[in-house]
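Overview (structure and organization)
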Amino acid sequence: MGLDRNQIAWRIAQDIADGSYVNLGIGMPELVADFIPEGREIVFHSENGLLGMGPKPPKDQEDPDLMNAGKKPVTLVPGGAYFHHTDSFLMIRGGHLDLCVLGAYQISETGDLANWATNNDKRLPAVGGAMDLAAGTPRVIAMTTHCARDGAPKLLGECTFPLTAAGVVDRVYTDLAVVDVTPDGFVAREIIDGMSLAELQDRTGAPLAAADDLGILKAPALGETAG
Amino acid sequence: MGLDRNQIAWRIAQDIADGSYVNLGIGMPELVADFIPEGREIVFHSENGLLGMGPKPPKDQEDPDLMNAGKKPVTLVPGGAYFHHTDSFLMIRGGHLDLCVLGAYQISETGDLANWATNNDKRLPAVGGAMDLAAGTPRVIAMTTHCARDGAPKLLGECTFPLTAAGVVDRVYTDLAVVDVTPDGFVAREIIDGMSLAELQDRTGAPLAAADDLGILKAPALGETAG
Amino acid sequence: MIDKRVTSFEQALAGIEDGSTILASGFGNAGSPIELLEALVDQGARDLTVVSNNAGEGEFGLARLMRAGRVRKIICSYPITSGSVVVDELHAAGKIELEVAPQGTISERMRAAAAGIGGFYTRTSAGTMLGEGKETREFDGRLHVLERPLKGDVALIRAKTGDRWGNLIYNMTARNFGPTMAMAADLTIAQVDETVDAGELDPEAIVTPGIFVDRVLRVPGSR
Amino acid sequence: MIDKRVTSFEQALAGIEDGSTILASGFGNAGSPIELLEALVDQGARDLTVVSNNAGEGEFGLARLMRAGRVRKIICSYPITSGSVVVDELHAAGKIELEVAPQGTISERMRAAAAGIGGFYTRTSAGTMLGEGKETREFDGRLHVLERPLKGDVALIRAKTGDRWGNLIYNMTARNFGPTMAMAADLTIAQVDETVDAGELDPEAIVTPGIFVDRVLRVPGSR
């Protein structure tokens, strides 16, 4: 009934202004690049030393020295530049990007983000550039399903998982809604067609207000294979 | 009776090992570059963003965009590189140069250096890169006349002029002597021919010991126009 | 579409406000945005704080801006050059405030602003007059002073070539403070010898990525 | 005469001592000095601390060095890659110490070591598990943690071309940690695809000036 991953990515892409400098986190957020509306020039940053990241190359043109943060082959668009890691993280930590889109395990009503560890990880701890992006970027967008697979809400009064950064998330795009994090807590800006605020509240772990201009969250049908 | 400026520069140059990375302060220290012994490859650093500084160019090949720290036209030797100011001072402050040669108003027996201001400057205060070089370089060489024009000693128990950095000078080359700054104070390593330790002590404002292998400070006759 | 190239001094300097902190590149005249600084006189902003390694020379560039009475304060490392007459006169007349700091500290403080560093400890100036009043701390047995970031509202810089995206390359030692200042200001304006389209600069050799640059103005014949 | 080019792994790795801290470049395999890391097994140094963004993959490069039992501790940001089996096994068996830190913090700490910075304040990790135990301080109303420099005894890096003076250029995103690590170690050893004489690299495009590099080894066919 909600949006699929590509549709969430599409919805996020509509809100990225022409000329923005954007970092897309590893995984689901990478899909956003595929849905930037025609005519907008967005400069994608990759933490491993790249501005102007383009789409993945044809198989026979892959180069192991040209990868994205997820270690997948990419391309460089005209106008792109290479730089070293400390300069790349200067861009991130110094607030030079306009926004980043990050996956999330949990988001608190004060904008805390938990997206790098749970309380019962079986794998080794691994933070990568997540804390740098979350703490440094002026506008932090969380992209996630509204609830975990077991139905537990991901938008909470307080995160129970280890934080990535405190008080940084500006907006959350989920399969069910677009929710702003405001000084007064969560405010729904869009909800999918057919779902009431009360129904969304049931799936949300903290009080949820409605924006004055509350709208309907919609996205076109998109092939699951896009991206 | 003592060495002239070129001779002091010559004497310093003899002690700079092949392959050294060296910064020469503005003014008298710049002369050192003219006397590097044949066969030694020394990489000169200029604070304004240059490694591999070469001699001044012919008049008709001067370029206002290729200057040294004293804002005089220079050249780049093969192997040289340009970089920005913060990287240039990273080299200085991070201790990457092997040594610097700085002019001095005063040097204390604990290695304090005063070379940027006096107590009655008529001109505006101006520090440039002196404090960075003095505080950051592993080996700091002071190049100066042994006494001021009025005969006041420049090697002192304590500096009376504002410090450039505390406890940094390793060795002083003057027109009269080569003096090490050691944990036990000043130790003369070489004195000009015909001058006794006692006579040098008379011209020095702090106790002066003699090195076990005290030698004679000498330099060939050099045209005053060299450099 | 991104196009950071502008075609007039008016466009280049639009929006610079009274009271701004201006980072001005250059080491002596090499890399100095002389024409932008002179156009700033016409633009009209007043009560400026200027960060620059030197404090102007002759009656042009930064010296002209100072002579016009627009500069309240200069932060620099070395205000004395051959012909630094304007700063001398204004300072003697009590008409300009002068803050002298070590060259590397000024550069590193701007880099800290660019990198989101709240403060850093350096040995430079520790135990000297220029370190007085600064918080100190020992690390590994050596005294350090705490320095805070130095951020610009505006950077005026000089480069060799700029492209549509604002990527810049420089010419020899005219590079100096340009790359750091470009990163350390909210609004970065570059004057360049030539402009090109995106993709014409070697991506391996770009010194200042366009993310740090807001406007690029070609100033013909400025060398 | 300066000639930093060496002709064997023995020369390249001579003098690396037990207990050293090794900075190893690379983001995944891109820019990783795989052959130098493997030759370090033969060189024999033990009880190493390795700083690397990842913690090895498969049974080659860093993973091989770890498998040989030479690595006491890894400082990294992201030990999980496809095929990071060696670190998994060793960690589960309690045979390796793992310190995970934010990627930008590791990079900035190495840069601080390179730049003579005694410590710096950053917002990254403030208020998180990875910031626990660190000294904190507010600047401009935001919580920062104090980070100390991270210096290497040795840096093993990968570049594209090195010249007689040790100047380096890199290839695309294989640049990553190389330039910072080169600056942050007492002894920097670069493996390159090709070596050239001094003066053959464009002085405007050199990424790592030779002052930061001690030895350059051509490793043919390593790409």
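These figures come from a predicted structure and were not determined experimentally.

Conventions adopted
- Residues numbered from 1 in each chain as written.
- Chains lettered and ligands numbered in written order.
- Predicted model: local features only at pLDDT ≥ 70, side-chain atom pairs only at ≥ 80, totals over all residues.
- Heavy atoms only, no water.
- Contact = heavy atoms within 4.5 Å.
- Buried area = accessible area lost by both parts, 1.4 Å probe.
- Salt bridge = Lys/Arg side-chain N within 4 Å of Asp/Glu carboxyl O.
- Polar contact = N/O pair within 3.5 Å; in protein donor to acceptor, adjacent residues only side chain to side chain.
- Nonpolar A, V, L, I, M, F, W, Y, C, P; charged D, E, K, R; others polar.
- Phe/Tyr/Trp six-rings, centres within 6.5 Å; stacked < 30°, edge-to-face > 60°.
- Helix = DSSP H or I, 4+ residues; strand = E, 2+ residues; numbered from the N terminus.
- Buried < 20%, exposed > 50% of the residue type's maximum accessible area, 1.4 Å probe, protein only.
- Lys NZ or Arg CZ within 6 Å of the ring centre and 35° of its normal.
- Pairing = 2+ DSSP bridges.
- Lys, Arg positive; Asp, Glu negative; His and termini not counted.
- Axes fitted to C-alpha atoms, helices over the stretch in contact; angles between N-to-C directions.
- Parallel < 35°, antiparallel > 145°, perpendicular 65-115°, else oblique.
- Left-handed = near helix turned anticlockwise from the far one by under 90°.
- Disulfide = S-S within 2.5 Å.

1. Remarks on the interface of chain A and chain D
Taken together, the contact between chain A and chain D spans 35 residues of the former and 43 residues of the latter. The largest share of the area that chain A buries against chain D comes from Asp65(A), Arg93(A) and Leu124(A), three residues that together contribute 23% of it. Counting the contacts that link chain A with chain D gives 0 salt bridges. Our count for the contact surface shared by chain A and chain D stands at 18 residue pairs in polar contact (both at pLDDT 80 or more). Residue composition of the side of chain A that touches chain D, by class: 18 nonpolar, 10 polar and 7 charged.

2. What to know about the packing of aromatic side chains
As enumerated under the stated definition, the model contains 5 aromatic pairs over all chains in all. With 5.0 Å between their ring centres and 65° between their planes, Tyr121(D) and Phe139(D) make a pair best called edge-to-face. Within this pair, whereas Tyr121(D) is found in strand β6 (residues 117-122), its partner Phe139(D) is found in strand β7 (residues 136-139), the two being separated by 18 residues in sequence. Just as Tyr121(D) is buried, Phe139(D) falls in that class too. By way of ring pairs, the aromatic residues Tyr121(C), Phe139(C), Tyr121(D) and Phe139(D) are connected into one cluster. Across from the ring centre of Phe27(D), 4.3 Å away, lies the NZ or CZ of Lys71(A), which sits over that ring.

3. Focus on the sheet that holds strand β6 (residues 106-108) of chain A
Residue and element names in this part refer to chain A. Spatially, the 3 strands line up as an open sheet ordered β7-β6-β9, and their pairing is mixed. The outermost strands of the open sheet, each flanked by one partner alone, are β7 (113-114) and β9 (155-156). Strand direction decides the pairing type here: β6 and β7, joined by 2 bridges, are antiparallel. Its bridge partner being in β7, Ile107 is matched across the sheet by Leu113.

4. Considering the side chain of Glu47(A)
Examined against the element boundaries, Glu47(A) turns out to sit in the loop between β2 (43-46) and β3 (50-54). Although Glu47(A) lies buried, it forms no salt bridge, and the closest oppositely charged side chain, Lys71(A), sits 6.5 Å away as judged by the N-O distance. Among the polar contacts listed, one links the side chain of Glu47(A) to the side chain of Gln103(D), at a separation of 2.9 Å. Apart from residues lying up to four places away in sequence, Glu47(A) is in contact with Asn23(A), Ala69(A), His85(A), Ser88(A), Phe89(A), Ile92(A), Gly129(A), Leu133(A), Phe27(D) and Gln103(D).

5. Here we look at the interface of chain B and chain C
With 35 residues of chain B at the interface, the matching set in chain C holds 43 residues. Taken together, the two surfaces of chain B and chain C that pack against each other cover about 3,200 Å², and 61% of this comes from carbon and sulfur. On inspection of chain B and its partner chain C, the count reaches 0 salt bridges. Run the count over chain B and chain C and you get 18 residue pairs in polar contact (both at pLDDT 80 or more). Put simply, the parts of the chain that give the side of chain B that touches chain C at least two residues each are α2 (85-93) and α3 (130-136) of chain B. Residues belonging to the side of chain B that touches chain C are distributed by class as follows: 18 nonpolar, 10 polar and 7 charged.

6. A short note on the sheet that holds strand β7 (residues 136-139) of chain C
Here 6 strands make up an open sheet; going across it, the order is β7(C)-β8(C)-β6(C)-β6(D)-β8(D)-β7(D) and the pairing antiparallel. Strands with a single pairing partner mark the edges of an open sheet, and in this sheet they are β7 of chain C together with β7 of chain D. On average, each strand axis in the sheet is inclined to that of its neighbour by 30°, with strand direction left out of account. Across 5 bridges, strand β6 (residues 117-122) of chain C lies against β6(D) in antiparallel orientation. Residue pairing for β6(D): Phe120(C) is matched across the bridge by Phe120(D). Here helix α5 (residues 103-115) of chain C sits on the sheet and contacts β6 and β8 (142-147) of chain C together with β6 of chain D; the angle it forms with β6(C), its principal contact strand, is near 150°.

7. Let's talk about the packing of helix α2 (residues 85-93) of chain A against helix α5 (residues 103-115) of chain D
Between α2(A) and α5(D), the least distance of the axes is 9 Å, while the angle of their chain directions is 120°. In terms of axis orientation, α2(A) runs oblique to α5(D). Note that α2(A) runs across α5(D); the crossing there is left-handed. Residues His85(A), Thr86(A), Phe89(A) and Arg93(A) of α2(A) lie in contact with α5(D), whose contacting residues are Gln103(D), Gly104(D), Thr105(D), Ser107(D), Glu108(D) and Arg111(D). When the residues that make up the contact of α2(A) with α5(D) are grouped by side-chain class, the tally is 1 nonpolar, 6 polar and 3 charged.

8. What about helix α1 (residues 5-14) of chain A?
Residues and elements named next belong to chain A. Summarising burial for α1: 7 of the 10 residues are buried, a large majority. All buried positions along α1 are accounted for by Asn6, Gln7, Ile8, Ala9, Arg11, Ile12 and Ala13. Where α1 is buried, its residues meet β5 (99-103), β8 (139-143), β10 (169-173), β11 (177-182), β12 (185-192) and β13 (208-217). If you check the start of α1, you find a side-chain oxygen 3.0 Å away from the backbone N of Asn6, and it comes from Asp4.

9. A closer look at the state of the cysteines
Residue and element names in this part refer to chain A. Per the counting criterion, the structure on display carries 0 disulfides over all chains. Free of any disulfide, Cys159 has its nearest cysteine sulfur in Cys147, 14 Å distant. On the accessibility criterion, Cys159 (15% relative accessible area) is buried.

10. So, the environment of Met91(A)
Looking at where Met91(A) falls in the secondary structure, it is placed in helix α2. With 86 residues separating them in the primary sequence, Met91(A) and Arg5(A) have C-alpha atoms 28 Å apart. Leaving out residues up to four positions away in the same chain, Met91(A) has contacts with His45(A), Leu51(A), Phe83(A), His96(A), Leu97(A), Pro209(C), Ile211(C) and Phe212(C).

11. Thoughts on unusual backbone geometry
Phi is positive for Lys71(A), close to 65°, though the residue is something other than glycine. The residue Lys71(A) is located in the loop between β3 and β4 (75-82) in this model. Taking relative accessible area as the criterion, Lys71(A) reaches 24% and is therefore assigned partly exposed. Even without a glycine there, the phi angle at Ser125(D) is positive, about 85°. When you line up the elements, Ser125(D) lands in the loop between β6 and β7. Given a relative accessible area of 2%, Ser125(D) falls into the buried group.

12. A closer look at the pattern of salt bridges
Under the counting rule described, the total for this entry stands at 52 salt bridges over all chains. For Arg164(C), the salt bridge goes to Asp197(C), with nearest N and O atoms at 2.9 Å. Within this pair, whereas Arg164(C) is found in the loop between β9 (152-163) and β10 (168-169), its partner Asp197(C) is found in the loop between β11 (185-196) and β12 (215-218), the two being separated by 33 residues in sequence. Since its relative accessible area comes to 11%, Arg164(C) is described here as buried. The salt bridge involving Lys151(D) is made with Asp186(D); its shortest N-O contact spans 3.0 Å. Of this pair, Lys151(D) sits in the loop between β8 (142-147) and β9 (152-163) while Asp186(D) is found in strand β11 (residues 185-196), placing the two residues 35 residues apart along the sequence. Counted as one network, the salt bridges with shared partners bring together Arg11(A), Asp15(A), Arg171(A), Asp180(A), Arg189(A), Glu190(A) and Asp213(A).

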